[in-house]
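# Descriptive structure summary
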Amino acid sequence: MSGVQVITVSGDDGDMRLDRWLRKRFPQLTQGAVEKMCRTGQLRVDGGRVKAATRIQPGQEVRVPPLPEAQPVAARPRPIGPGIGPDDARMIQAAVLWKDDHIIALNKPPGLPSQGGSGQGSRHVDGLTGALMFGYKERPKLVHRLDKDTSGVLLLARTDRIARALSEAFRLRSTRKIYWAAVAGVPNPRKGTIRYGLVKAPGRGRGGEGEKMVAIHPRDIEATEGAKRATTDYAVLDALGTRASWCALVPITGRTHQLRAHMAELGHPIVGDGKYGGSGQENLGDGWGAQLGGEVSRKLHLHARSLAFDHPVTGRRITLTAPLPDHMARTWQMMGWQAGDVPEDPFSEAE
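Residues numbered from 1 in each chain as written. Predicted model: local features only at pLDDT ≥ 70, side-chain atom pairs only at ≥ 80, totals over all residues. Heavy atoms only, no water.

Each aromatic ring pair is specified by the distance between its two centres and by the angle formed by the two planes. Here the structure, examined in full by the defined rule, presents four aromatic pairs. Taking 5.6 Å as the distance between ring centres and 65° as the angle between the ring planes, the aromatic pair formed by Trp-246 and Trp-332 counts as edge-to-face. With Trp-246 in strand β16 (residues 244–251) and Trp-332 in helix α7 (residues 326–335), this pair connects stretches of sequence that are 86 residues apart. Like Trp-332, Trp-246 is buried. Accessibility expressed as a relative area gives 3% for Trp-332, which makes it buried. Of the aromatic side chains, those joined through ring pairs into one cluster are Trp-180, Trp-246, Trp-332 and Trp-337. Across the ring face of Phe-134, the terminal group of Lys-99 is positioned such that the distance to the ring centre comes to 4.9 Å. One residue, Lys-212, lies across the ring of Tyr-276, its end atom 5.5 Å from the ring centre. (Phe/Tyr/Trp six-rings, centres within 6.5 Å; stacked < 30°, edge-to-face > 60°. Helix = DSSP H or I, 4+ residues; strand = E, 2+ residues; numbered from the N terminus. Buried < 20%, exposed > 50% of the residue type's maximum accessible area, 1.4 Å probe, protein only. Lys NZ or Arg CZ within 6 Å of the ring centre and 35° of its normal.)

Turning next to the pairing of strand β17 (residues 302–310). Burial of β17 is extensive: eight of the nine residues sit out of reach of the surface. Examined bridge by bridge, strand β10 (residues 151–157) and β17 share two bridges and lie parallel to one another. Directly across from Gly-152, in β17, lies its bridge partner Ala-304. Pairing analysis gives six bridges linking strand β11 (residues 176–184) to β17, with the strands arranged antiparallel. The residue of β17 that forms the bridge with Tyr-179 is Ala-304. When β17 meets strand β18 (residues 317–321), the two strands line up antiparallel, connected through five bridges. Each bridged residue has a counterpart across the sheet, and for Phe-309 the counterpart in β18 is Ile-318. In this antiparallel pair of consecutive strands, β17 and β18, the connection spans six residues, and Gly-315 shows a positive phi of 80°. (Pairing = 2+ DSSP bridges.)

Dropping the structure here:
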């Protein structure tokens, strides 16, 4: 508490209401507190009682009773961009894997959609790009996508020109994406190419909710309406007996759910893939069933491990590598699989 103060009204404050003058000098005071001090006679002008609305004049002396000290007001965290709370801003900023003046690369967390859509809600990477401007006037732009439950390297362009260049690179397949997955069983042969076509299953929601792809044998693609050719290279990097294996996957084409549908069609669904691999554990060595049971997480074990591309400005080949998400890292530790024991690109090893 402060002591009694006697303050002389300056010429600049002439004809100002007493309550406004007082609250200007002492912001911690409420209007109710000022009026109470007037009613009880604690606040006086030239020794006389006054009302809150009394107008003061230059040279008058105002007796102010002891006042509580001003308490610092904690700044309320402001949203960064429309609808972006501080927690989400910190989360998406922590996901930044690499950036320069033209490109931002994220290690997208599992469970976070790349874009909004039916059933996706309002929390997605595209909706959080306002927290990734880092001094630029415009939000960065997505140039490709990852499924909601797939983690890993995701690129954003910081300008329209770079967005067009990167989109063209993806279209021309000059980029190289390598995914890591834990799958049920061990594919045989241990390295190969899957060429099943894919067609969207009928009867799904209007907005794509529940969307699922059906694999079509290569000989039937031309005769199947809506089927598109799809190609995936795979290689087994390590295995736990015949129960589960660590695979590297390269999508030569970029169809919806391509890796998940292809591995399931091969008989070795990705661990945690309830949509394509079911929820059973019938994978005691034959490969089928997407859950391993025990301490292994039921989340999808699919991760965009690395992405290589030619930088649109410098022309330099950039290769980015993303650490595994927590649930996959725990599974790798449990299986005894070590990232340092395998080549980053097992497909170039034989070249």
